[in-house]
Amino acid sequence: MQVGGFQDIAVASSGGYNNPIYTETAFASATMRILFIHADYMEYEVREKTKDALPIPDELKHGKIDEALVCFITAEEKDEKDVGGTSRAAVKEIQDVAKTVKTTRVVVYPYAHLSPSLAKAAPAREMFGHIAEDLVEAGYEVMSSPFGYYKSFKISCKGHPLSELSREIEVTAEAKKEEVSEAVKAEEKLVSEWFILDPSGKLSPLSIKDGKVDGFDFKSHVNLGKFAIYEMAKSREVKEEPPHTKIMRELELVDYEPGSDPGNLRYYPKGRLIKSLLEEITTRTIIDYGGMEIESPIMYDFEHPALKSYLNRFPARQYVLETPNKKTFLRFAACFGQFLMAHDMTLSYRQMPMRLYELTRYSFRAEQRGELAGLRRLRSFTMPDCHAFCTDMGQAKSEMLVRFGVAMSLLGNIGFSVPADLELSIRVTKDFWENGKEHALEMARRWGKPLLLEMWDRQFFYYVMKYEINFVDASDKAAALTTDQIDTENAKRFDITYIDADGKRQFPYILHLSPAGAIERNIYALLEKAYMGMKAGKVPILPLWLSPTQVRLVPVSSDQLEYCKSLLSRFESVRADLDDTDDSLNKKIRKAEKEWVPYIAVVGRKEVESGKLNVRERTGKEQTEMTVEELQARILTETKGRPFKPLSLPKPISLRPGFRG
RNA sequence: GCCGCAGUGGCUUAGUGGUAGAGCGGCGCCUUGGUAAGGCGCAGGUCGAGGGUUCAAUUCCCUUCUGCGGCUCCA
């Protein structure tokens, strides 16, 4: 079995029994093997010692039980790595099977013959002990046959289909339970107070009453109200499929990839183009701001002390993978690579704030299965991550304000109305608030409308303050697009220092900015925004600079086809294509509208004669006569300051394969 | 991860314990059309996968994969 390959499932036939299924997973998770037989009775007799035998009392040398689930269990070498996890997983499997065959009696039978790579005696004995104890605790009557002896046994297998079922079961997932980070656990104990902070500095405490947020009048701030409920209330009722997932597939942008892990998507040419443009504008914006773009590995040593300790302060679950020589985890952000790099840097206070930037393609988070949602929540995503290393809290705060401005302007350039389309949240420790509320008040002023403030009773994470710029979608769910944090811990953890004016080594404060959230979330938010506009009676559209096709040339008949082809080459830095099919004019218009093409240029006999285009605008539907150059100038004006990339598909649309029907 | 719902040709779907129809799309022919579906014809499905029950399963049962909703959680 290769790392990263598909699961191999070999089915061996086994006489009249159900087929045993052998499975192996890619990584070195525990794979204890169990053969289940639901028996009318089972009886064993100890014969001889093996080298691993410990003395046992006489009463254990013989055993008999009626109507029981007999579990022949082999502990394998791999299981030694996680004795507790493997045992728990095995118990769970046994309970599942016992429930299925409706029995409360279980035989735990150490059975070495199911694996060529046995565990050593001590850990194996321990695992069998745990399994038997846990089963007793769960209320089962358990007969354990002794470990380390040759035994004879008699068994009478029941006849009916489900119960006589014998299988070998893979026992893997549960073993990972202990690797949930401390921060994930800490969050359960987190105590928060909530407020609305308005630009004038007024603080209104919020509370929850009957599922509604009380303490502020949300009449003229409807989305802020939805956002507050989303953050504070624990129950939400939504039924429909998120609109953006439907649209992302209909427009042939992005799709699910069942052949990968959930939350890892595939991008068709149009989707890749959009994502690529968003990546470009983000990277360009951060470089303009002063970010130094670097690149770092995507996997890291699980046992590296600083990394491991950081993992436990970050509320996320990791993809863990086994390399030929170590256990590694996939990065969930660019922090690891940048901090390890910063650790080795020589840094003077004169060079600060110092900004490192990387666009992570990808960051990985092993989100729980039910947490995944289209482009909103993924297991692998592209995150721009820019850390600023600051001399002190004062510099950290003022640098954060600079970055806040950068983020607002970036979101505006992408195509959001800022702040109208978005909601700001600020989260602080009580201590930070009491000593530095002026910082939050300044952000409130710059934001210009009320925001949600969360106050923690103490510091649970590596940061004392963070803000998020959130998008509230068509289902009233919220997702953070931008976030920045003041990190007070990681400089020490990674031993990152700078030399101050007195020549002394000091630890910097570190800001963690994701300036436009995950790139995927921008696409999600743009699609949801288009959908909400549609529900309000507007025509859905993408920002012009992101529209895969900006101009579609539509000849009225095939007589104008050659002429249209010659027009194509006159468009520069504009994505123009051509409907060269022999569909009717109506049909060609309809196709272009369904693709959300912003400008449809119809060319018939009249246009060939006049040398102009008859341009149909998506928004408004009015038809305007203009030349190629006029249309091009208009598009260039409307997309000014944004990156351009050429169309990622053949210009004659008849040459395009259908990516999904 | 847990609980619930869903999965039928490339897409959207109808339907049934006796191996399936439609529209779109595709292909072919006709049509040369002035701003959201021109006409005719053809091909295409082991009904997500594996197993079980049954004389017979797409339909019933179990398992599994993928998606959605809820819990939980986030960029």
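Residues numbered from 1 in each chain as written. Chains lettered and ligands numbered in written order. Predicted model: local features only at pLDDT ≥ 70, side-chain atom pairs only at ≥ 80, totals over all residues. Heavy atoms only, no water.

**Side note on the overall build of chain A**
- What chain A contains, in helices and strands, is 16 helices and 31 strands.
- Residues classed as buried in chain A amount to 53% of the 661 residues present.
- Carbon together with sulfur atoms contributes 50% to the accessible area of chain A, which is approximately 30,300 Å² in total. (Helix = DSSP H or I, 4+ residues; strand = E, 2+ residues; numbered from the N terminus. Buried < 20%, exposed > 50% of the residue type's maximum accessible area, 1.4 Å probe, protein only. Areas by Shrake-Rupley, 256 points an atom, 1.4 Å probe, with all protein chains shown as cover.)

**What to know about the sheet that holds strand β30 (residues 613-617)**
- One open sheet accounts for 5 strands, arranged β28-β27-β29-β30-β31; its pairing is mixed. Of all the strands in the sheet, just β28 (576-578) and β31 (623-626) have a single pairing partner and so form its edges. When strand polarity is set aside, the average angle formed by the axes of neighbouring strands in this sheet is 30°.
- Pairing of β30 with β31, which is carried by 4 bridges, proceeds in the antiparallel orientation. Pairing of V615 across the sheet is with T624, part of β31. (Pairing = 2+ DSSP bridges. Axes fitted to C-alpha atoms, helices over the stretch in contact; angles between N-to-C directions.)

**Here we look at the pattern of salt bridges**
- Summed over the entire model, instances satisfying the criterion amount to 44 salt bridges.
- The salt bridge involving E468 is made with R427; its shortest N-O contact spans 2.7 Å. Of the two residues, E468 is situated in strand β22 (residues 463-472) and R427 in strand β20 (residues 422-429); the sequence distance between them amounts to 41 residues. The burial state of E468 is the same as that of R427; both residues are buried.
- A salt bridge links E593 to K621; the nearest nitrogen and oxygen atoms lie 3.7 Å apart. With E593 in helix α14 (residues 585-594) and K621 in the loop between β30 and β31, this residue pair connects regions lying 28 residues apart in the sequence.
- With relative accessibility at 13%, the residue E593 sits in the buried group.
- It is possible to trace a salt-bridge network through shared partners that takes in E231, R427, E454, K466 and E468. (Salt bridge = Lys/Arg side-chain N within 4 Å of Asp/Glu carboxyl O.)

**Details of the environment of D288**
- Of note, D288 is situated in helix α6 (residues 269-289).
- Judged by its relative accessible area of 64%, D288 is exposed.
- Residues D288 and L542 lie 254 residues apart in sequence; the distance between their C-alpha atoms is 25 Å.

**Focus on the nonpolar core**
- Formed by 106 residues in total, the largest nonpolar core has its most connected members in F389, I426, M465 and Y467.
- At 10 residues, helix α9 (residues 393-414) tops the list of elements feeding residues into this core.
- Setting aside chain neighbours within four positions, we find F389 in contact with F339, A342, L347, M352, P353, M354, L356, Q395, I496, P508, Y509 and I510. (Core = buried A, V, L, I, M, F, W, Y, C linked by side-chain atoms within 4.5 Å. Contact = heavy atoms within 4.5 Å.)

**Observations regarding the confidence of the model for chain A**
- This prediction gives chain A a mean pLDDT of 86; 90% of its residues lie at or above 70.
- Note on residues 1-30: pLDDT under 50 across the span, and 60 contacts to partners over four residues away in sequence or across chains.
- Contacts of residues 169-178 to residues separated by more than four positions or lying in other chains number 28 contacts, the stretch itself having pLDDT below 50.
- Both confidence scores are given for the complex: pTM 0.78, ipTM 0.94. (pLDDT = per-residue confidence, 0-100.)

**Focus on the sheet that holds strand β14 (residues 292-293)**
- Pairing within the open sheet is mixed, and its 10 strands lie in the order β9-β8-β21-β20-β22-β23-β26-β19-β18-β14. Edge positions in the sheet fall to β9 (203-205) and β14, since each has one partner strand and no second.
- When strand β8 (residues 192-197) meets β9, the two strands line up antiparallel, connected through 3 bridges. Paired with F195 across the bridge in β9 is P205.

**Remarks on α14**
- Considered for burial, the residues of α14 that qualify are K588, I589, A592 and E593. Considered in projection along α14, the buried side chains sweep an arc of 135° and stay on one side of the axis. Those residues of α14 that are exposed and angled more than 90 degrees off the buried face are N586, R590 and K594.
- Contacts from the buried residues of α14 go to β27 (551-555), β29 (599-603) and β30.
- Of the residues flanking the end of α14, it is W596, one or two places downstream, whose phi is positive at about 65°. (Arc of directions from axis to C-beta.)

**Side note on the environment of P384**
- Relative to the elements of secondary structure, P384 occurs in strand β19 (residues 380-390).
- On a C-alpha basis, the gap between P384 and I131 in space is 46 Å, while along the polypeptide they are 253 residues apart.
- The residues touching P384, leaving out its near neighbours within four places in the chain, are T282, Y357, E358, L359, L513, S514, P515, A516, G517, A518 and I519.

**Considerations on the packing of helix α1 (residues 83-100) against helix α2 (residues 121-137)**
- Relative to each other, α1 and α2 sit at 45°, their axes nearing to 9 Å. The pairing of α1 with α2 is recorded here as oblique in orientation. Judged by the twist between their axes, the crossing of α1 over α2 is right-handed. Counted together, V83, T86, S87, R88, A90, V91, I94 and Q95 of α1 and P123, E126, M127, H130, I131, D134 and L135 of α2 form the full contact between these two elements. (Parallel < 35°, antiparallel > 145°, perpendicular 65-115°, else oblique. Left-handed = near helix turned anticlockwise from the far one by under 90°.)

**Observations concerning the side chain of R656**
- By secondary structure assignment, the location of R656 is in the segment after α16 (628-638).
- Of the residues examined, R656 reaches a relative accessible area of 15% and is grouped as buried.
- A distance of 2.7 Å separates polar atoms of two side chains, one belonging to R656 and the other to D577.
- Of note is the side chain of R656, whose polar atom sits 2.9 Å from the backbone oxygen of P650.
- When residues no more than four places from it in sequence are discounted, the contact partners of R656 are T549, R552, D577, E595, L647, L649, P650 and K651. (Polar contact = N/O pair within 3.5 Å; in protein donor to acceptor, adjacent residues only side chain to side chain.)

**Things to note about α9**
- Along its 22 residues, α9 runs 31 Å from first to last C-alpha, staying within 8% of the 32 Å computed at 1.5 Å per residue.
- The opening residue of α9, the one whose side-chain oxygen lies 3.2 Å from the backbone nitrogen of G394, is D392.
- At the exit of α9 stands G415, carrying a positive phi of roughly 140°. (Expected span 1.5 Å × (residues − 1).)

**Considerations on the packing of aromatic side chains**
- In total, this model carries 31 aromatic pairs according to the counting rule given.
- Seen from their ring centres, F128 and F147 are 5.6 Å apart, and the 45° between their planes marks the pair as tilted. Placement of the pair is F128 in helix α2 and F147 in the loop between β6 (141-144) and β7 (149-157), with a sequence separation of 19 residues. Here the two residues F128 and F147 agree in accessibility, since each one is buried.
- The side chain of K64 reaches across the aromatic face of Y41, ending 5.1 Å from its centre.
- Here the guanidinium or amino end of K275 rests over the ring plane of Y267, the centre of that ring lying 5.2 Å away. (Phe/Tyr/Trp six-rings, centres within 6.5 Å; stacked < 30°, edge-to-face > 60°. Lys NZ or Arg CZ within 6 Å of the ring centre and 35° of its normal.)

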